[in-house]
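Architecture at a glance
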Amino acid sequence: MKYFLIGTVIALVGVLVAYATMDWSLVSIISGIAAGIALIWGVLALGAGKNKSTRTTSSEKRREKQQRVTKMKNAVMIAVPNMVAVIVNLVMIS
């Protein structure tokens, strides 16, 4: 939930900046970049792992995999409100 709120705050900042400058394309830029970075971070977190030879037990492997999956889920939770802001902005502009 914390990561979803962080994503929502980033999307709101993008909307407020766009409103203050009256340039609504900034919503797509700010929220799009935030969503892109979050998704790249999630993919990299999912793929990055320790050297497999250092893990000795299956519980270590499961724990490490669960941590990577959690990082990926957190990144997606940051990206979702930003993607929604971009989609709404694109629909409103066109």
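Everything discussed here concerns the structure shown above.
Residues numbered from 1 in each chain as written. Predicted model: local features only at pLDDT ≥ 70, side-chain atom pairs only at ≥ 80, totals over all residues. Heavy atoms only, no water.

Structural notes on the side chain of Asn 82
The cut-off we apply is this: Put simply, DSSP H or I for four residues or longer makes a helix, DSSP E for two residues or longer makes a strand, and each gets a number counted from the N terminus. Burial status follows relative accessibility: with a 1.4 Å probe on protein chains alone, a residue under 20% of its type maximum counts as buried, one over 50% as exposed, and anything between as partly exposed. Side-chain atoms alone can form a polar contact between residues adjacent in sequence; in general such a contact is a pair of N or O atoms within 3.5 Å, and within protein one must be able to donate a hydrogen while the other accepts it.
Residue placement: Asn 82 occurs in helix H3 (residues 58-93). Judged by its relative accessible area of 0%, Asn 82 falls in the buried class. A polar atom in the side chain of Asn 82 sits 3.5 Å from the backbone oxygen of Gly 7. A polar side-chain atom of Asn 82 sits 3.3 Å from the main-chain amide nitrogen of Ala 11.

Side note on the pattern of salt bridges
This is how the line gets drawn: We count a salt bridge whenever a side-chain nitrogen from Lys or Arg sits within 4 Å of a carboxyl oxygen from Asp or Glu.
Counted under the stated rule, the structure contains 1 salt bridge. Between Arg 68 and Glu 64 there is a salt bridge whose closest N-O contact spans 3.2 Å. Of this pair, Arg 68 and Glu 64 are both found in helix H3, 4 residues apart, which corresponds to roughly one turn of the helix. The same class applies to Arg 68 and to Glu 64, which are both buried.

Side note on the packing of aromatic side chains
Going by this rule: Working definition: rings of Phe, Tyr and Trp (its six-membered ring) pair if their centres are within 6.5 Å, and the pair is stacked with planes under 30 degrees apart, edge-to-face with planes over 60 apart, and tilted otherwise.
If you walk through the whole model with that rule in mind, you get 1 aromatic pair. Plain terms: the ring middles of Tyr 19 and Trp 24 are 6.3 Å apart, the flat faces sit at 55° to each other, and that makes the pair tilted.

Concerning the packing of helix H1 (residues 2-21) against helix H2 (residues 25-47)
We apply this condition: Throughout, an axis means a line fitted to C-alpha atoms (over the contacting stretch in the case of helices), and angles, computed between N-to-C directions, take values from 0 to 180 degrees. Angular relationships are summarised with four words: roughly parallel below 35 degrees, roughly antiparallel beyond 145, roughly perpendicular across 65 to 115, and oblique for the angles in between. What makes a crossing left-handed is the near helix being turned counterclockwise from the far one by less than a right angle; a clockwise turn instead makes it right-handed. By definition, residues are in contact when any of their heavy atoms lie within 4.5 Å.
Contact geometry for H1 and H2: axes closest at 8 Å, N-to-C directions at 160°. Viewed along their axes, H1 and H2 adopt a mutual orientation that is roughly antiparallel. Crossing handedness for the pair H1 and H2: right-handed. For the pair H1 and H2, the contacting residues are Ile 10, Ala 11, Gly 14, Val 15, Val 17, Ala 18 and Thr 21 in the first and Leu 26, Val 27, Ile 30, Ser 31 and Ala 34 in the second.

Some words on H1
Put simply, the rule reads: The span you would expect from a helix comes to 1.5 Å times its residue count less one.
Under the 1.5 Å per step criterion, the end-to-end length of H1 is 29 Å for 20 residues, consistent within 8% with the ideal 28 Å. Buried residues along H1 sit in contact with H2 and H3.

A closer look at H3
Going by this rule: One axis fitted to the seven residues ending at a residue, another fitted to the seven starting there: the angle between these axes is the bend at that residue.
For H3, built from 36 residues, the straight-helix expectation of 52 Å at 1.5 Å per residue is met to within 8% by its first-to-last C-alpha distance of 52 Å. At Ala 79, H3 shows its largest kink, close to 25°, and the proline Pro 81 lies no more than four residues downstream. Of the positions making up H3, those classed as buried are Glu 64, Arg 68, Asn 74, Ala 75, Ile 78, Ala 79, Pro 81, Asn 82, Ala 85, Val 86 and Asn 89. Tucked into the core, H3 has its buried residues touching H1 and H2.

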